[in-house]
Amino acid sequence: MAAPEPVTTNEAETKLLNSALRLFSQQGYEGTSIREIIEGAGVTRPVLYYYFENKEDLFRRLFETKFSELIERIDAAASRDETAVQRLKGIIASAFELGEESSESVRLILQVLFSPPEQGPPLDRNRLIRQRFKIVEAVIRRGLDQQELSGGDSQSLTLVFLGIMDMHMMAKSSRAETRLSPELAATLVDFFVAGAQYREHPETSLVSPYAF
């Protein structure tokens with residue numbers, strides 16, 4: 001029988017991060033042990049401590065990587081030379097794309113942003129929330145200034161917009177079968193812009209991607 005191929009350092013680190021993502025997103029920080037992470041990765045305890053100081057260090061690096069990826073995606077969409085409405089559609093579509101690629105990543109991000117402060121390692125949650133908020137608010141403020149949008153100030157409209165986006169991402173994180181499509185992203189923004197006021201012939205017609 002041939003000897004198994006040695007696991008390279010990059011492979012071992014990737015396996016640890018993938019195992020940690022699956023476990024942290026499903027069980028939370030406190031509910032996940034080092035033993036479970038290394039068993040899931042198929043490596044030994046010394047290998048984990050070669051790459052990470054401890055469980056907190058592993059969690060922080062994993063979360064920072066995933067959150068940075070989300071921020072890069074929505075910032076790229078927000079920076080396009082398009083109308084405010086088009087950029088808002090791009091922001092939701094880019095977040096939904098990450099959710100489709102890795103619902104576990106989205107679940108981990110939402111856990112950190114909205115869990116009680118005493119859960120998990122110390123993180124500046126307010127800074128993280130503001131970082132994402134400011135990107136969206138800048139787009140909405142420009143839309144207000146250019147009279148593309150109306151109905152509130154930039155902060156209140158940003159809260160509504162992020163609420164729409166986050167609730168759908170939360171649904172994806174708990175229901176893998178939920179489909180966060182680009183078409184849904186566009187329709188949500190159209191609804192955000194048009195509102196829910198009664199019209200005999202509404203411009204949008206939302207259809208829920210999941211059932212309670």
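Owing to the predicted nature of the structure, the values given are computational and were not obtained by experimental measurement.

K.L.:
It is not clear to me how the overall build of the protein chain should be interpreted in this structure. Could you clarify?
P.N.:
From N to C terminus, the protein chain includes nine helices and zero strands. Seen in sequence order, the protein chain has helices and strands lined up from the N terminus as α-α-α-α-α-α-α-α-α. For the protein chain, buried positions account for 45% of its 212 residues. Considering only contacts within the protein chain whose residues lie at least 6 apart along the sequence, 64% involve residues at least 24 apart.

K.L.:
What is the right way to look at the side chain of Lys 55 in this model?
P.N.:
By the secondary structure assignment, Lys 55 is in helix H4 (residues 55-78). With no salt bridge to any partner, buried Lys 55 finds its closest opposite charge in Glu 30, at an N-O distance of 7.0 Å. Not counting the four nearest positions on each side in its chain, Lys 55 is found in contact with Phe 24, Tyr 29, Glu 30, Thr 32 and Ile 34.

K.L.:
What's the story with the pattern of salt bridges in this structure? I'm lost.
P.N.:
Pairs may arise between side chains of opposite charge once their charged atoms sit close together. Here the structure, examined in full by the defined rule, presents 12 salt bridges. A salt bridge links Glu 100 to Arg 179, with the shortest nitrogen-to-oxygen separation between them at 3.7 Å. Of the two residues, Glu 100 is situated in helix H5 (residues 84-101) and Arg 179 in the loop between helix H8 (154-174) and helix H9 (182-194); the sequence distance between them amounts to 79 residues. Between Lys 134 and Glu 137 there is a salt bridge, with its nearest N and O atoms 3.4 Å apart. One end of the pair is Lys 134 and the other is Glu 137, both in helix H7 (residues 125-145) and three residues apart, which spans about a single turn. Note on Lys 134: relative accessible area 44%, which makes it partly exposed. When salt bridges that share partners are traced, they join Glu 69, Arg 73, Glu 97 and Glu 101 into one network.

Thresholds applied
Residues numbered from 1 in each chain as written. Predicted model: local features only at pLDDT ≥ 70, side-chain atom pairs only at ≥ 80, totals over all residues. Heavy atoms only, no water. Helix = DSSP H or I, 4+ residues; strand = E, 2+ residues; numbered from the N terminus. Buried < 20%, exposed > 50% of the residue type's maximum accessible area, 1.4 Å probe, protein only. Contact = heavy atoms within 4.5 Å. Lys, Arg positive; Asp, Glu negative; His and termini not counted. Salt bridge = Lys/Arg side-chain N within 4 Å of Asp/Glu carboxyl O.

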